[in-house]
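# Structural description and commentary
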Amino acid sequence: MVKTNIFQQSGVRQIVDACGNFSVLEFARDVSVNKMSAQAEYFAGKMGLRKRQVFVRLNGNGVILQAGAMQITTGDVNIATNIQGAGDFLKKMVGGKVTGESAVKPRYTGNGIVYLEPTYKYILLEDLANWGGALTIEDGLFLACDDTVQMKVVARTNLSSAALGGEGLFNNMLYGNGVVALESPVPREELLIFDLENDVIKIDGNMAIAWTQGLQFTVERSTKSLIGSAASGEGLVNVYRGTGRILVAPV
């Protein structure tokens, strides 16, 4: 048996979010400072810039992590890779190359707790059941997921969305059943949520960080003519059509 004080609520750290087997521990203030850094750390904490740490409880289940994300494991926890052979390795290498994600993502199974490295980014815990069973994410957001969640690389609907929209040609899709942990550039309170029902949303810039698979993404002129688009100051906009949900970071 392993005993720890990490789950004891204190003035330094507390659990601020939980979903499924995932929990988020937030350090309310950074006390490991010196005279030179104390003022900066104080005001950073006041603005919500705090260290956050995800931990996952394993009770016979498993979790898949971004490579290098694990800090500590306690209990009877086993580690394996997500590679099932040479062909699978090559496929994942190609997928990692086009999305910027690590090709090999370790899988942890057993009975115990897996602690991830602390981060100053904002943690989003998303149940795929709330996203119709599938969620497409921007590059660099993936942190961890239940091992019941599958991952694959999906291409944009057309070349214009990559060449003109400021987006990559490929993205990672997470699908199946379970919870995923994402590292967001902004806190959940600042995220804009749009639920579309056979409708359209146009966004000036690559600000959408996650969306459901049923949405069609294209890049279009903001007006019907090139001259009008240039005169409006908007030019090209990212357009999402269909039925589904989008998470948008306003900055």
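Residues numbered from 1 in each chain as written. Predicted model: local features only at pLDDT ≥ 70, side-chain atom pairs only at ≥ 80, totals over all residues. Heavy atoms only, no water.

Once that is clear, we can look at the environment of Arg 13. Relative to the elements of secondary structure, Arg 13 occurs in strand E1 (residues 13-19). Linking Arg 13 and Ala 28, residues 15 residues apart in sequence, is a C-alpha distance of 5.5 Å. Discounting residues that sit within four places of it in the chain, Arg 13 has contacts with Asn 5, Ile 6, Gln 8, Leu 25, Glu 26, Phe 27 and Ala 28. In this structure the side chain of Arg 13 is engaged in a polar contact, spanning 2.9 Å, whose partner is the backbone oxygen of Asn 5. (Helix = DSSP H or I, 4+ residues; strand = E, 2+ residues; numbered from the N terminus. Contact = heavy atoms within 4.5 Å. Polar contact = N/O pair within 3.5 Å; in protein donor to acceptor, adjacent residues only side chain to side chain.)

So, on to the environment of Phe 194. For Phe 194, the location among the structural elements is in strand E12 (residues 192-203). According to the relative accessible area criterion, Phe 194 is partly exposed, its value standing at 32%. Counting along the chain gives 52 residues from Phe 194 to Ile 246, while the straight-line C-alpha distance between them is 5.2 Å. The contacts of Phe 194, once residues within four sequence positions are left out, are Ile 201, Gly 244, Arg 245, Ile 246 and Val 248. (Buried < 20%, exposed > 50% of the residue type's maximum accessible area, 1.4 Å probe, protein only.)

For any pair of aromatic rings, the description rests on two quantities: the centre-to-centre distance and the angle between the ring planes. Under the criterion given, the structure shown has six aromatic pairs. For the ring pair Phe 7 and Tyr 115, a centre distance of 6.3 Å and an interplane angle of 25° mean the geometry is stacked. Within this pair, whereas Phe 7 is found in the segment before E1, its partner Tyr 115 is found in strand E5 (residues 107-116), the two being separated by 108 residues in sequence. Residue classification places Tyr 115 among the buried residues on the basis of a relative accessible area of 5%. Measuring from centroid to centroid gives 6.2 Å for Phe 55 and Tyr 115, while their planes differ by 40°, and the two rings are tilted. Linking Phe 55 in strand E3 (residues 52-65) with Tyr 115 in strand E5, this pair joins segments that are 60 residues apart in sequence. The exposure class assigned to Phe 55 is buried, which follows from its relative accessible area of 1%. Ring pairs connect the aromatic residues Phe 7, Phe 55 and Tyr 115, which therefore count as one cluster. In this structure, Lys 152 is placed above the aromatic ring of Tyr 175, and the distance from its NZ or CZ to the ring centre is 5.3 Å. Directly above the ring of Trp 131 sits Arg 245, whose terminal nitrogen or CZ lies 5.7 Å from the centroid. (Phe/Tyr/Trp six-rings, centres within 6.5 Å; stacked < 30°, edge-to-face > 60°. Lys NZ or Arg CZ within 6 Å of the ring centre and 35° of its normal.)

What follows deals with the confidence of the model for the protein. Caution is warranted with low-pLDDT regions, since their predicted coordinates should not be read in detail. With 80% of its residues at a pLDDT of 70 or more, the protein shows a mean pLDDT of 83. Per-residue pLDDT stays below 50 along residues 85-99; that stretch engages in 17 contacts with residues further than four places along the chain or on separate chains. Note that pLDDT drops below 50 for residues 225-233; the model gives that stretch nine contacts with residues more than four away or on any other chain. (pLDDT = per-residue confidence, 0-100.)

Once that is clear, we can look at the pattern of salt bridges. A side chain with one charge can pair with a side chain of the opposite charge if their charged atoms come near. Inspection of the entire model under this criterion finds five salt bridges. Between Arg 52 and Glu 26 there is a salt bridge, with its nearest N and O atoms 3.0 Å apart. Taken as a pair, Arg 52 in strand E3 and Glu 26 in strand E2 (residues 22-27) lie far apart in primary sequence, 26 residues in all. Taken individually, Arg 52 and Glu 26 each receive the classification buried, so the pair is uniform in this respect. One salt bridge in this structure joins Asp 147 and Arg 107, with 2.8 Å as the shortest N-O distance. (Salt bridge = Lys/Arg side-chain N within 4 Å of Asp/Glu carboxyl O.)

Of note, Lys 152 is situated in strand E9 (residues 149-155). For Lys 152 and Asn 171, which are 19 residues apart along the polypeptide, the C-alpha to C-alpha distance reads 8.5 Å. Non-local contacts of Lys 152, meaning those with residues more than four positions away in its chain, are made with Asn 171, Asn 172, Met 173 and Tyr 175.

A separate point is unusual backbone geometry. Unusually for a residue other than glycine, Asn 198 sits at a positive phi of about 50°. Its location among the elements puts Asn 198 in strand E12.

Below, the discussion takes up the side chain of Arg 52. Residue classification places Arg 52 among the buried residues on the basis of a relative accessible area of 6%. At a separation of 2.9 Å, a polar atom in the side chain of Arg 52 contacts the main-chain carbonyl oxygen of Arg 50. Once you skip the residues sitting within four places of it in the chain, Arg 52 turns out to touch Val 24, Leu 25, Glu 26, Glu 117, Pro 118, Thr 119, Tyr 120, Lys 121, Tyr 122 and Ile 123.

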